[in-house]
Amino acid sequence: MDLRVWADELAAGWLGVHLPRRWRHVQGVYERSRVADRLFSTGDADLLAAAGLVHDLGYAPELAVTGLHALDGARYLREVGAPERLCALVAHHSAAHLEAELRGMADELVDWNDERTPLRDALWWADMTTSPDGEVVTFEERAAEIQQRYGPDDVVSTFIQAARPELAAAVGRTEAQLRAAGIDYV
C-alpha cells in the first residue's frame, strides 16, 4: 500500500467535498511536509506526508464524536487499519494533549504514544505554519488566526495560548534542522 496515496484518497473523501477550507489546509500541510521530507528516511517521509494529509480527519462531521478532532481522527484511522504510528501522530498532533486536558479527556489519548521525535515536530511545524486556506504563514500568524477565529471564550483559544511554548519549540527545532540542511522553507 502506498501510504501517501491512501491518505490522500481518505482525506479527499472525508474533507474534500464537505469541508473545502479544511481540505485546503490539509493540502497545504501536506505541501509543507514535503519541504521537510529530506530530513527523514523514505519511510518516515511517507509517514510524515500521510500524517499531514489525515491529521484533521476528526473534523469531518461523521467522525466528530468527542469534539477533540485529534482523538476522533486517530480512532477512525485505527478502525480502518492505518499504521499505529500514523494513528499516534494524529492523536498527538500540535500539542493535542493540552486541548484534551482542557476538555477533561486526557485519559482518552493514553492509547497512543506521543513519540516526541523530529518527525513529530515536523508534523507540528507543517500544521502550525499553514493557514486555514493552505498558505504558508509564520507560527505567530497561525496562532493569532486560531485565537481570532474561535474567539476569546472558546476552549480552542485557551488551548492555543497554553500550547504556545510547546508549539513554538517544535516549530523552532524543525526550522533549525531545515536551516542546517540548507532547505528553504519560507
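Trainee: Pulling in residues and values, what's your account of the pattern of salt bridges?
Mentor: The final tally for this structure, using the stated rule, is 19 salt bridges. A salt bridge links Glu 108 to Arg 75; the nearest nitrogen and oxygen atoms lie 2.3 Å apart. One end of the pair, Glu 108, is in the loop between helix H6 (96–102) and helix H7 (118–128); the other, Arg 75, is in helix H4 (residues 69–79), and 33 residues separate them in sequence. With its nearest N and O atoms 2.8 Å apart, the salt bridge here joins Glu 115 to Arg 85. With Glu 115 in the loop between H6 and H7 and Arg 85 in helix H5 (residues 84–91), this pair connects stretches of sequence that are 30 residues apart. What makes Arg 85 partly exposed here is its relative accessible area of 33%. Among the charged side chains, a network of salt bridges with common partners joins Arg 4, Arg 34, Asp 37 and Asp 46.

Trainee: Tell me what's going on with the packing of aromatic side chains, and back it up with residues and numbers.
Mentor: For the structure on display, the rule yields 2 aromatic pairs. Judged by centre distance (5.4 Å) and plane angle (80°), the ring pair of Trp 14 and Tyr 76 falls under edge-to-face. Highlighted residues: Trp 14 in helix H1 (residues 3–16) and Tyr 76 in helix H4, separated in sequence by 62 residues. You can call Trp 14 partly exposed: its relative accessible area is 22%. Ring geometry for Trp 125 versus Tyr 185: centroids 6.3 Å apart, planes at 80°, classification edge-to-face. In this pair, Trp 125 sits in helix H7 while Tyr 185 sits in the segment after helix H9 (155–180), placing the two residues 60 residues apart along the sequence. Exposure remark for Trp 125: the relative accessible area of 0% places this residue in the buried category. Looking at Tyr 185, the relative accessible area reads 13%, which means it is buried. The ring of Tyr 59 has Arg 22 lying over it, and the distance from NZ or CZ to the ring centre is 3.7 Å.

Here is what the cut-offs are and how they apply
- By convention here, each chain's residues receive numbers from 1 onward along its written sequence.
- The model is predicted, so local features are restricted to residues of pLDDT at least 70 and side-chain atom pairs to those at 80 or more, both for listing and for counting; the totals for chains, interfaces and linings are taken over all residues.
- Hydrogens and waters are ignored; side-chain quantities use all the structure's heavy atoms.
- The salt bridge definition used is simple: a Lys or Arg side-chain nitrogen within 4 Å of an Asp or Glu carboxyl oxygen.
- A helix here means a DSSP run of H or I that spans at least four residues, while a strand means a run of E at least two residues long, and both kinds are numbered starting from the N terminus.
- Categorising residues by exposure relies on relative accessible area from a 1.4 Å probe, with only protein chains included: less than 20% of the type maximum marks a residue as buried, more than 50% marks it as exposed, and the intermediate range marks it as partly exposed.
- Pairs were defined over the aromatic rings of Phe, Tyr and Trp, the Trp ring being its six-membered one, requiring ring centres within 6.5 Å. Orientation was assigned from the angle between planes: stacked under 30 degrees, edge-to-face over 60, tilted for the rest.
- Only Lys NZ and Arg CZ are tested; either one counts as a charge over a ring when it is within 6 Å of the ring centre and within 35 degrees of the ring normal.

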